[in-house]
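Each chain is listed here by its residues.
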Amino acid sequence: MVCDIKSLTREELEARLQEWSEPAYRVDQLLEWLYRHHATSWEAMTNLPNSLREKLGEHYALHSLALVRKQGSPDTTQKFLWRLDDRSLIESVLIPANPALYGDASDRHTLCISTQVGCAYGCKFCASGLEGWKRNLGIEEIVDQVLAVERWEAEQAASVLGCQLSVADGTDKPPTTDHGPRTIDNLVVMGMGEPLANYDHLLKALKILNARWGAGIGARKITVSTSGLAPQIRRLADEPLQFRLAISLHGATDEVRDRIMPVNRKYPLSELTAACEYYVQKKTRMITLEYILIAGVNDDLTQTKPLAKLAQRLNAKVNLIPCNKVDGLPWTRPTEQAQEAFRAALEKQNVTATLRREKGHDIDAACGQLRLRTERELAASNR
């Protein structure tokens, strides 16, 4: 199988081009085409000699995600459905400004990315695993979610500017535009799949996205989420980069988590909590406890006491997320009054808690929902 060039680090590319007796500056040129100009073909790399482009094409693939569907919302949340080379479908979500959700004053351009096709962990409220797990994403497929969204944004900007210029000067030729500042400056790994179950591919992809020669996203602006894989949390704690950690908790007792999150049977709260304490000790960084509010399951005010106790033990903040309706699942979100009461009860116990006013509730916002609906439509049309 031919390796995709976006799965390689700068050091790996330097070694290969040195082996080919290419001058050192060719590496910078190549990386600029990949990560600044978002090139999708060797032919586009016009300042590389033909001989080098041919050699690159012989040894490496240069795949790009294909946009199948895009849904927008009045609050400007954008959900992208991508087709991979094997025709599998994955999702990414571009989220607008949302104050301090993951620790910074302004999450101006946050992208939520996927790490697997489907999911094997079977959380009872999630659409991602309804059709089971198919495979892990490759390094380049994780990386290209960022680049593909930035390509789409650049094309939209060029289209608008082109229309404006054509009216002004009577031409219909689109302008050549500089990409300027990057579109994505915050990354959350909370899309389809369990990120830490694809640990090696994820970490290498994040190192590429963090690197100055790559996407240049600061490590502290990258949040990795997990449903509770305790050994991998400890492994992540030992990594040198300061990624943020979010725990998809959704239940503050083993009784509740056992009901909705099968992973809890393997890694119960005692083991998960110990791993989180190790992470906090090693990183000295605050973690986030994600808590989807599900009516009649985990939204009773009695649940705030064990949740507050856990948050205080870990010096964590709590992010409350109203449940999204998923076709085929029975769960619903509590009333807004109940949501606010839950948040207020946590704050009375001296816990920092945010209540996410769900952006994109009208666009199949639940993780994996757009993919699931599209696959079912395609299956129905092929009968």
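Here, the structure is the one placed above.
The rules we used
- Residues numbered from 1 in each chain as written.
- Predicted model: local features only at pLDDT ≥ 70, side-chain atom pairs only at ≥ 80, totals over all residues.
- Heavy atoms only, no water.
- Buried < 20%, exposed > 50% of the residue type's maximum accessible area, 1.4 Å probe, protein only.
- Helix = DSSP H or I, 4+ residues; strand = E, 2+ residues; numbered from the N terminus.
- Salt bridge = Lys/Arg side-chain N within 4 Å of Asp/Glu carboxyl O.
- Pairing = 2+ DSSP bridges.
- Axes fitted to C-alpha atoms, helices over the stretch in contact; angles between N-to-C directions.
- Core = buried A, V, L, I, M, F, W, Y, C linked by side-chain atoms within 4.5 Å.
- Contact = heavy atoms within 4.5 Å.

### Notes on helix α2 (residues 25–35)
The element α2 is largely enclosed, with a buried count of eight among its eleven residues. If you check which residues of α2 are buried, you get R26, V27, Q29, L30, L31, W33, L34 and Y35.

### Notes on the pattern of salt bridges
What the rule picks out here adds up to 16 salt bridges. Close ionic contact of D28 with R10 constitutes a salt bridge, the shortest N to O distance being 2.5 Å. Placement of D28 in helix α2 and of R10 in helix α1 (residues 10–19) is noted, with a sequence separation of 18 residues between them. The residue R135 makes a salt bridge to D86 at a minimum N-O spacing of 2.7 Å. With R135 in strand β8 (residues 133–136) and D86 in the loop between β4 (78–83) and β5 (89–95), this pair connects stretches of sequence that are 49 residues apart. R135 gets classed as partly exposed once you look at its relative accessible area, which sits at 22%.

### Looking at the sheet that holds β5
Judged by pairing direction, the sheet is mixed, and its ten strands sit side by side in the order β3-β4-β5-β6-β9-β10-β11-β12-β13-β14 without closing on themselves. Of all strands in the sheet, those bounded by a partner on one side alone are β3 (66–72) and β14 (353–355). Direction aside, neighbouring strands of the sheet carry axes that sit 20 degrees apart on average. With six bridges connecting them, β4 and β5 associate as antiparallel partners. Looking at β5, one finds that W82 is bridged to I90.

### A look at the nonpolar core
Side chains of a nonpolar character, in soluble globular proteins, are inclined to be buried together. Counting residues in each nonpolar core, the largest one holds 104 residues, and the members touching the most others are I5, L187, L289 and V318. Element by element, the count of residues in this core is highest for helix α4 (residues 139–169), at eight residues. When neighbours within four sequence positions are excluded, L289 is seen to be in contact with I247, L249, L307, L310, A311, L314, A316, K317, V318 and N319.

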